[in-house]
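Read off the chains here:
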Amino acid sequence: MTSPAGQPHPGLPPILRGQKALVTGANSGIGKATAIGLGRAGADVVVNYVFGREAAEEVVEEIKSYGVRAYAHEADVSDEGQVTAMVGRMVEEFGTIDVLVANAGLQRDAAATEMTLDQWNKVLDVNLTGQFLCAREAAKEFVRRGVVPEVSRSAGKIVCMSSVHQVIPWAGHVNYAASKGGVLMMMQTLAQELAPKGIRVNAVAPGAIRTPINRSAWETPEAEAELLKLIPYRRVGDPEDIARAVAVLASDLMDYVVGTTVYVDGGMTLFPGFATGG
Ligand code: BGC
């Protein structure tokens, strides 16, 4: 699958041909780019969303234009019954699941002293419990089906969408940073537990990516200049930067990668303050 020449984000080779992928939170931002990227890489894709059906249907149409199958599925990843139903329908419609991208996430920012229990719980429910529920349901199907060598060397792949804030503390965002710190240990523990069953669990940790979640950090030139001080590579990331990393990590090109976080952050985790200080 090639893309028109001159595009800033070239298409991916068909490294996921014949695989069935579920991407949560796939109607905007990183999830949208990832769902499209996996479609470009040859996967059939379920586009999960919780609000915004029209946007999800547009993602579905774009994915189908690459000659693969796709449909949108509304579900709240923090609701156990809805997650079970979503994976159940996918097994009915596509036959199985090979790749889960546990991407759905949100922020509810507040100073720690002002943060309500609702703000705390919402972020933990979606960002951490939601990933767990989706991973659990996907893993059950991976174990049931086992390895199909024509499709993949692995029985299934889980890619957890984490953040640089799984290791960088973030004042004013204690709920979010705690959720992503949790994602790191959840991912590693699941990887350790599921690897003997042929399942690979890994994470991608984006830095500052130009999406709606952090619009205020890049939408004015002044804000972007401040943000760039935190990024040694001196550019804000694009959702497609993450999409490509996920596609490659989920493919057999990375078959021996188990329990690892791939930071896709322009060097944000390199303590840029120490380039001149310290
Ligand atoms: C957050 C963004 C933030 C980025 C870098 C992400 O996980 O969702 O709001 O810009 O981390 O700090």
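Now for a description of the structure that goes with this document.

### Things to note about empty space enclosed by the protein
Item 1. Evaluation of the coordinates by the stated rule reveals one cavity of 30 Å³ or more.
Item 2. In this structure, the largest cavity occupies an estimated 30 Å³ of space.
Item 3. In this structure, the largest cavity is lined by Thr24, Val77, Ala102, Ala104, Val126, Gly130, Gln131 and Cys134.
Item 4. For the lining of the largest cavity, the element with the highest residue contribution is helix 4 (residues 117–145), accounting for four residues.
Item 5. Its residues assigned to classes, the lining of the largest cavity comprises five nonpolar, three polar and no charged.

### Section: the packing of helix 1 (residues 29–40) against helix 8 (residues 239–250)
Item 1. Contact pair helix 1 / helix 8: the axes reach a minimum separation of 8 Å and the direction vectors enclose 50°. Overall, the two elements helix 1 and helix 8 adopt an arrangement that is oblique. Between helix 1 and helix 8 the crossing geometry is right-handed. Between helix 1 and helix 8, the residues in contact are Gly29, Ile30, Ala33, Thr34 and Leu38 and Pro239, Glu240, Ile242, Ala243, Val246 and Ala247, respectively.
Item 2. Residue classes in the contact of helix 1 with helix 8 are distributed as eight nonpolar, two polar and one charged.

### A look at the site of the ligand
Item 1. Close contacts around the ligand come from Gln107, Ser163, His165, Trp170, Tyr176, Gly207, Ala208, Ile213, Asn214 and Met268, and that covers them all.
Item 2. The contact in question runs from an oxygen atom of the ligand to an N or O atom on the side chain of asparagine 214, over 3.2 Å.
Item 3. Grouping the constituent residues of the shell around the ligand by class yields five nonpolar, five polar and no charged.

### What to know about helix 1
Item 1. End to end, helix 1 covers 17 Å across twelve residues, agreeing with the expected 16 Å (1.5 Å per residue, within 8%).
Item 2. Among the residues of helix 1, those classed as buried are Gly29, Ile30, Gly31, Ala33, Thr34, Ala35, Ile36, Gly37, Leu38, Gly39 and Arg40.

### What to know about the sheet that holds strand 3 (residues 70–74)
By way of backbone hydrogen bonds, the strands of a sheet pair with one another, either parallel or antiparallel.
Item 1. What the seven strands build is an open sheet, ordered 3-2-1-4-5-6-7; its pairing is parallel. The open sheet has two edge strands with one neighbour each: strand 3 and strand 7 (261–264). Neighbour to neighbour, the strand axes of the sheet diverge by 20° on average, direction disregarded.
Item 2. Sheet analysis places strand 2 (residues 44–49) next to strand 3, joined by five bridges and oriented parallel. Across the sheet, valine 47 pairs through a bridge with alanine 72, a residue of strand 3.
Item 3. Across the sheet, helix 1 touches strand 1 (20–23), strand 2, strand 4 (99–102), strand 5 (156–161) and strand 6 (199–206), and the angle it forms with strand 1 is around 175°.

Definitions and cut-offs
Counting from 1, residues in each chain are numbered in the order their sequence is written. Local features in this predicted model are restricted to residues of pLDDT 70 or higher, and side-chain atom pairs are both shown and tallied only at a pLDDT of 80 or more, whereas totals for entire chains, interfaces and linings draw on every residue. To obtain the side-chain values, all non-hydrogen atoms of the structure were used and water was disregarded. Cavities and pockets are defined on a 1 Å grid built over the protein atoms alone: a cavity is a set of grid points where a 1.4 Å probe fits but cannot escape, while a pocket is an open set with protein on both sides within 12 Å along at least five of seven lines, and lining residues are those with an atom within 4 Å of any such point. Grid points are joined across faces, edges and corners, and a volume is the space filled by probe spheres set on the points. Runs of H or I in DSSP of at least four residues are treated as helices and runs of E of at least two as strands, each being numbered from the N terminus. For this classification, Asp, Glu, Lys and Arg are treated as charged, while Ala, Val, Leu, Ile, Met, Phe, Trp, Tyr, Cys and Pro are nonpolar and the rest, including Gly, are polar. Every axis in this analysis is a line fitted to C-alpha atoms, fitted for helices over the stretch in contact. Angles between the N-to-C directions lie between 0 and 180 degrees. When describing relative orientation, an angle under 35 degrees is termed roughly parallel and one over 145 degrees roughly antiparallel, while 65 to 115 degrees is termed roughly perpendicular and anything else oblique. By convention the crossing between two helices is left-handed if the near helix lies anticlockwise of the far one by an angle smaller than a right angle, and right-handed if it lies clockwise. Every residue pair with non-hydrogen atoms within 4.5 Å of one another is taken to be in contact. Working definition: residue near molecule or strand if any one of its non-hydrogen atoms lies within 4 Å of it. The term polar contact refers here to a pair of N or O atoms within 3.5 Å; inside protein, the definition further demands a hydrogen-donor-capable atom paired with an acceptor-capable atom, and it admits residues adjacent in sequence only when both atoms are side-chain atoms. Every helix has an expected span of 1.5 Å times one less than the residues it contains. Residue burial is assigned from relative accessible area. The probe radius is 1.4 Å, only protein chains are included, and a residue is buried under 20% of its type maximum, exposed over 50%, and partly exposed in between. Between any two strands, at least two bridges found by DSSP are needed for them to pair.

Spatial relationships are all this shows, so hold off on functional conclusions.
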